[in-house]
Amino acid sequence: MSNQSAATQSSPPPAEAPAPMVRVQNLVKHFPKRGGILNQVIAKVHAVNDVSFQIRKGQTMGVVGESGCGKSTLGKCVIRLHEPTSGKVFIEGTDIGSISSHALRKIRSRMQMIFQDPNSSLNPRMTVEATLREVIKLHQVVPAGEVDAKINTLMTKVGLRLDDRKKYPHEFSGGQKQRVGIARALAVNPEFIIADEPVSALDVSIQAQVLNLLMDLKEELGLTILFVSHDLKVIDHFCDSMLVMYLGNIMEEMPCEDIHAHAKHPYTRALLASNPVMDPDHRAELTVLEGEVPSPYDPPAGCPFVTRCPIKTARCEQENPPLLDHGNGHRVACWEVKLQ
Amino acid sequence: MSMTDRFFKTREFRKLFRNKSAVIAMLVIAAYLFTALFVMCGGITRETCDTVVGQNKMPGFFIQQTPEQRYENATSKFLPMVQRALSRADQTAALADVRLGQERVVNKSAAQLQAIIDRAIELKNELNQSEDLDADSARLPQLKALEDQVAMLKAPLTGWSRLMQNASLVLGTDAQGRSIFLRGLYSIKIAIQIGLVTAAFCVLLGALLGAAAGYFGGWVDHGIVWVYTTFSSIPNLVLLVVLSYAFTDSEVKDTLLPVYIAFGATFWIGTCRVIRGETLKLKRMEYIQAAQTAGFSPFYILVRHVIPNTAHLMLINFSLLLIGAIKSEVILSFLGFGVKGQPSWGIMIRDAGNNGDVVSGFFWEIGTATALMFALVLAFNILSDALQDAFDPKHV
Ligand SMILES: Nc1ncnc2c1ncn2[C@@H]1O[C@H](COP(=O)(O)OP(=O)(O)OP(=O)(O)O)[C@@H](O)[C@H]1O
Ligand code: SF4
Ligand SMILES: [Mg+2]
């Protein structure tokens, strides 16, 4: 195990390779919890804990994990909806934390977000047309005379009928609303999109339609995507590689090829096992997770997963395992997974 | 289709219009607004309200005047005025000046008028022989004849003035002989005017400050909360007393300005609180975050995405503030600090009390003022409740 300390946590990109579309470096986000008579900070939620990864241009990175593990917070820190507590986010080499708010507003047209809840992601008092027009005009995506044509193109692209231009959000179904949200994100011709559980609020039958739409758009427009989901099946289907998060920490990063054969971290394996449709062969291998999810206010000192891990050792209680590079873009944070 | 058009066709508005009592309330309010507009366009002027139309008179339609009052009415006002005019050198000019309210002298020659007056005085003297008109009911026909003589001096009113004359008497007169009906109607304009100006100003100010506080947070929030906590600790009654002393010698002392300042300074606070709370909620909505990721400026997001989504609360608050302002105006005018120099329900109620009318059973002045105010406030209360049910079932 002597080589473990030599292995770096986040491997910097090789000098000759072009800068990755997105590079996240040691990102930390704590939410203070206030209380008491003086409204002082009484605790901190460790929503994202020292997270590093990168996404190459045109790639789709999945983020998977249980509810509350910090997936949305990670996405919102990357797009600067939250100010990170520490750490850096580079978009094609630009550190978006160090630029002026004016420059940030400019750079925002290159990254957009698709939100989780179609019922709250559209302004109830604005028509589809108004929603799209507003964004197109702000970034002057097309000359003033061509705005209408651009709106039509966008609506066709996401599969909305042109008659729906003047409709308000409450006149649409959930799937249609999500299409409007996608159209809004695409309106500024972004290169990088964060999709925060874009289908989890939709009916299963509609989920597939919206996912297929996203797949087509990704191919057509060459988008780089950070795709957040709690559903491994969706991630496997949609992404090039994935991050498995638990209590704000990355447990494992791996390419989405033959996940069952390659997944090494006990938490990833547990997630796979709890998804019987996906994993008919390995069903009996791991039992359902037992034990409590620790409070995010008071994470365990050692490995975050220690309270529920079936193969934990004494060491796991004391020391947090580093995220070690296993080659081929595979990184694992577990004392019990040995380097080959 | 325009934005407002859509706004009024929403589910909420359909729900509002299905509510029968709300629709009735809206009709009542519409009638009040129409009256206020009528007064504002000069239908009833301040002068009309101050004109003496007769002796202290009860509402004409169900309370009879005593013979003494009828005698007094016939002899004391119009008769002596015409008589005096005839005794002048320039009779015609003097006669043209004889006016009692809407009434004028009939277009007759001086000799004819003199004949009528002589006959009237004759009747008057006959009646004077007895102190007690009632005791001898045979004298009542004579009283009637006297009244007829006086009526012959008057040109019959026609058209609009006749209508106004009849209307002005319908609810009787106050202690000074001014029409209670007209004063009551004029007060509608005062109430609506104060209500609308106060509510519009306070809702706009409260919404803007509340939304800014909620949306920007930090020191903006602290500052605005501090200001409204401070202002809410000033009772607006005290503020108005101070203002009315401060303006004593200025030219605005008879205008509504002190009232507006006092109400404007304190009434926005409730709205500000509510809108601030709503904004804190809206701020977490994903469409606000979407606007942020799109790169819109905070001010744009506030004006375009936050404030329009508090419109329903602004509407409800407008209705509530209107009631509040109208009620406060009445109370302040009653105490003598509100409206000055023109009629107001508060002043009518005070006058009624001051003259001891109420105690002796002359209820129509206080009754008119109270009934008009009651109907308006009740209608607005019903409307506010209906608005709240339709737009804000949770009663934030
Ligand atoms: N604005 C905030 N203030 C305080 N705590 C927050 C805030 N946003 C998130 N948190 C906390 O941070 C943790 C991570 O939340 P996050 O929304 O990122 O989870 P998630 O993985 O997206 O969950 P889900 O799958 O339910 O969307 C949670 O414990 C949550 O309570
Ligand atoms: S480090 Fe220990 S507790 Fe954590 S996952 Fe590995 S074995 Fe389990
Ligand atoms: Mg989330």
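From a predicted model like this one, the values you see are computed outputs, not experimental measurements.

A. How the structure looks around the overall build of chain B. Counting its secondary structure elements, chain B contains 20 helices and two strands. Burial statistics for chain B: of 396 residues in total, 45% are counted as buried. Sequence-distant contacts in chain B: of pairs separated by 6 or more residues, those separated by 24 or more amount to 74%. Of the roughly 19,300 Å² that chain B leaves accessible, carbon and sulfur atoms contribute 63%.

B. Structural detail: the overall build of chain A. Tallying secondary structure elements over chain A gives ten helices and twelve strands in all. Here the C-alpha radius of gyration of chain A, 21 Å, is about what a compact globule of 340 residues would show, namely 20 Å. Based on the C-alpha atoms only, the size of chain A along its principal axes is roughly 65 × 55 × 50 Å. Taken across its 340 residues, chain A has 50% of its residues classed as buried. Accessible area for chain A stands at about 15,400 Å²; split by element, carbon and sulfur atoms hold 50% of it. Across chain A, the centroid of the 37 positively charged side chains sits 7 Å from that of the 38 negatively charged ones.

C. Structural view of the site of ligand 1. All names here are of chain A. Around ligand 1, the surrounding shell holds 14 residues, and the nearest of these are Ser 67, Gly 68, Lys 71, Ser 72 and Thr 73. One nitrogen or oxygen atom from the main chain of Cys 69 is found 3.3 Å from an oxygen atom belonging to ligand 1. The side chain of Glu 197 places a nitrogen or oxygen atom 2.9 Å from an oxygen atom of ligand 1. Out of a free accessible area of 630 Å², ligand 1 has 65% covered by protein chains. Elements that contribute at least two residues to the shell around ligand 1 include exactly β2 (40-55) and α1 (71-78). Examining the composition of the shell around ligand 1, we find that three residues originate from one element, α1, more than from any other.

D. How the structure looks around the pattern of salt bridges. All names here are of chain A. With the rule as written, the count across this model stands at 20 salt bridges over all chains. Of the charged contacts in the structure, one is a salt bridge between Arg 161 and Asp 163, with a shortest N-O distance of 3.2 Å. A relative accessible area of 51% places Arg 161 in the exposed class. A relative accessible area of 59% places Asp 163 in the exposed class.

E. Examining the nonpolar core more closely. Counting 84 residues, the largest nonpolar core has Ile44(B), Ile188(B), Phe263(B), Val306(B) and Trp345(B) as the members making the most contacts within it. Considering each element in turn, this core owes the most residues, 17 residues, to helix α11 (residues 180-216) of chain B. With residues near it in sequence (within four places) discarded, Ile44(B) still touches Phe38(B), Val39(B), Cys49(B), Met164(B), Leu182(B), Leu185(B) and Tyr186(B). Listed in part, the 55 residues of the second largest apolar core include Ile151(A), Ala187(A), Leu214(A) and Leu223(A).

F. Focus on the confidence of the model for chain B. Averaged over chain B, the pLDDT score is 81; the fraction of residues at 70 or greater is 88%. Here the predicted complex carries an ipTM of 0.83, next to a pTM of 0.75.

G. Just the environment of Leu171(B), in detail. Position of Leu171(B) among the secondary structure elements: in the loop between α10 (159-170) and α11. Distance from Leu171(B) to Gln114(B), taken between C-alpha atoms, is 34 Å for residues 57 residues apart in sequence.

H. Region of the structure containing the packing of aromatic side chains. Residue and element names in this part refer to chain A. Counting across every chain of the model gives eight aromatic pairs over all chains. Summarising the aromatic geometry, the rings of Tyr 246 and Phe 305 are spaced 5.1 Å apart at their centres and angled 85° between planes, so their arrangement reads as edge-to-face. With Tyr 246 in strand β9 (residues 241-246) and Phe 305 in the loop between α9 (266-273) and α10 (314-318), this pair connects stretches of sequence that are 59 residues apart. What makes Tyr 246 buried here is its relative accessible area of 1%. Ring pairing ties together the aromatic residues Tyr 246, Tyr 267 and Phe 305, which thus form one cluster. It is Arg 23 that lies over the ring of Phe 90; its NZ or CZ is 4.5 Å from the centre. Note that Arg 315 overlies the ring of Trp 335, its terminal NZ or CZ placed 3.6 Å from the centroid.

I. Region of the structure containing the pairing of strand β1 (residues 22-35) of chain A. All names here are of chain A. One ladder, built from five bridges, connects β1 with strand β4 (residues 86-91); its direction is antiparallel. Bridging from a neighbouring strand, Val 22 pairs with Ile 91 of β4. Judged from the eleven bridges that link them, β1 and β2 form a sheet pairing that is antiparallel. Its bridge partner being in β2, Pro 32 is matched across the sheet by Lys 44. Hairpin geometry of β1 and β2 is characterised by an intervening segment of four residues between the two adjacent antiparallel strands and by a positive phi of about 75° at Gly 36.

J. Structural view of the environment of Thr156(A). Residues and elements named next belong to chain A. Along the chain, the position of Thr 156 falls in helix α4 (residues 147-157). Remark: the alpha-carbon pair of Thr 156 and Ala 183, spanning 27 residues in sequence, is separated by 9.3 Å. At a separation of 2.6 Å, a polar atom in the side chain of Thr 156 contacts the main-chain carbonyl oxygen of Asn 152.

K. Molecular detail of a nonpolar patch on the surface. All names here are of chain B. Nonpolar side chains collect at one region of the surface, where Leu 237, Val 238, Val 242, Ile 331, Phe 334 and Leu 335 lie side by side and expose about 510 Å² of accessible area between them. Looking at the nonpolar patch, the elements with two or more residues in it are α13 (236-246) and α18 (311-335). Mapped onto the elements, Leu 237 comes out in helix α13.

L. Just the interface of chain A and chain B, in detail. The interface is formed by 26 residues belonging to chain A together with 22 residues belonging to chain B. Contact between chain A and chain B buries roughly 2,200 Å² in total, counting both sides, with carbon and sulfur atoms accounting for 54%. Among the residues chain A hides against chain B, the three largest losses belong to Ser120(A), Arg125(A) and Glu134(A). Together they make up 28% of the total. Counting across the interface, chain A meets chain B through zero salt bridges. At the level of elements, β6 (111-114) and α3 (128-138) of chain A are the ones that each hand at least two residues to the side of chain A that touches chain B. In terms of residue class, the side of chain A that touches chain B is built from eleven nonpolar, six polar and nine charged.

Rules of the game
- Counting starts from 1 at the beginning of each chain's written sequence and moves along it residue by residue.
- Chain labels run from A onward and ligand labels from 1 onward, assigned in the order the entries are written.
- Only residues with pLDDT of 70 or above have their local features reported here, since the model is predicted, and side-chain atom pairs are shown and tallied only from 80 upward, although totals for entire chains, interfaces and linings are computed over all residues.
- To obtain the side-chain values, all non-hydrogen atoms of the structure were used and water was disregarded.
- For helices the rule is a DSSP run of H or I covering at least 4 residues; for strands it is a run of E covering at least 2, with both sets numbered from the N terminus onward.
- Here the term buried applies to any residue with accessible area under 20% of the maximum for its type, exposed to any over 50%, and partly exposed to those in between, with areas from a 1.4 Å probe on protein chains only.
- A contact between two residues is defined here by any heavy atoms of the two lying within 4.5 Å.
- Computed by Shrake-Rupley with a 1.4 Å probe, the accessible areas treat only the displayed protein chains as cover when residues are assessed.
- Atoms counted for the radius of gyration: C-alpha only. Globule rule: 2.2 Å times residue count to the power 0.38.
- In this tally, Lys and Arg are treated as positive and Asp and Glu as negative; His is ignored, and so are the chain termini.
- Charge positions are represented by NZ for Lys, CZ for Arg, CG for Asp and CD for Glu.
- Think of it this way: one heavy atom of a residue within 4 Å of a molecule or strand is enough to make that residue near it.
- The term polar contact refers here to a pair of N or O atoms within 3.5 Å; inside protein, the definition further demands a hydrogen-donor-capable atom paired with an acceptor-capable atom, and it admits residues adjacent in sequence only when both atoms are side-chain atoms.
- In the sections that follow, a salt bridge refers to a side-chain nitrogen of Lys or Arg positioned within 4 Å of a carboxyl oxygen of Asp or Glu.
- Only buried Ala, Val, Leu, Ile, Met, Phe, Trp, Tyr and Cys residues count toward a nonpolar core, and they belong to the same one when joined by side-chain atoms within 4.5 Å.
- Each residue gets a pLDDT score, which is the predictor's confidence in that residue and runs from 0 to 100.
- Pairing of aromatic rings covers Phe, Tyr and Trp, the last counted by its six-membered ring, and requires centre-to-centre distances within 6.5 Å; plane angles under 30 degrees mean stacked, over 60 mean edge-to-face, and any other angle means tilted.
- Any Lys NZ or Arg CZ that is within 6 Å of a ring centre and within 35 degrees of that ring's normal is treated as a charge sitting over the ring.
- When DSSP locates at least two bridges between a pair of strands, those strands are taken to pair.
- Nonpolar side chains (Val, Leu, Ile, Met, Phe, Trp, Tyr) are joined into patches within 5 Å and like charges within 9 Å, using only residues with over 30% relative accessible area and no salt bridge.
- The buried area of a pairing is the accessible area, by a 1.4 Å probe, that goes missing from both parts when the two are put together, added over both.
- All amino acids are sorted into three groups, where Ala, Val, Leu, Ile, Met, Phe, Trp, Tyr, Cys and Pro are nonpolar, Asp, Glu, Lys and Arg are charged, and the leftover types, Gly among them, are polar.

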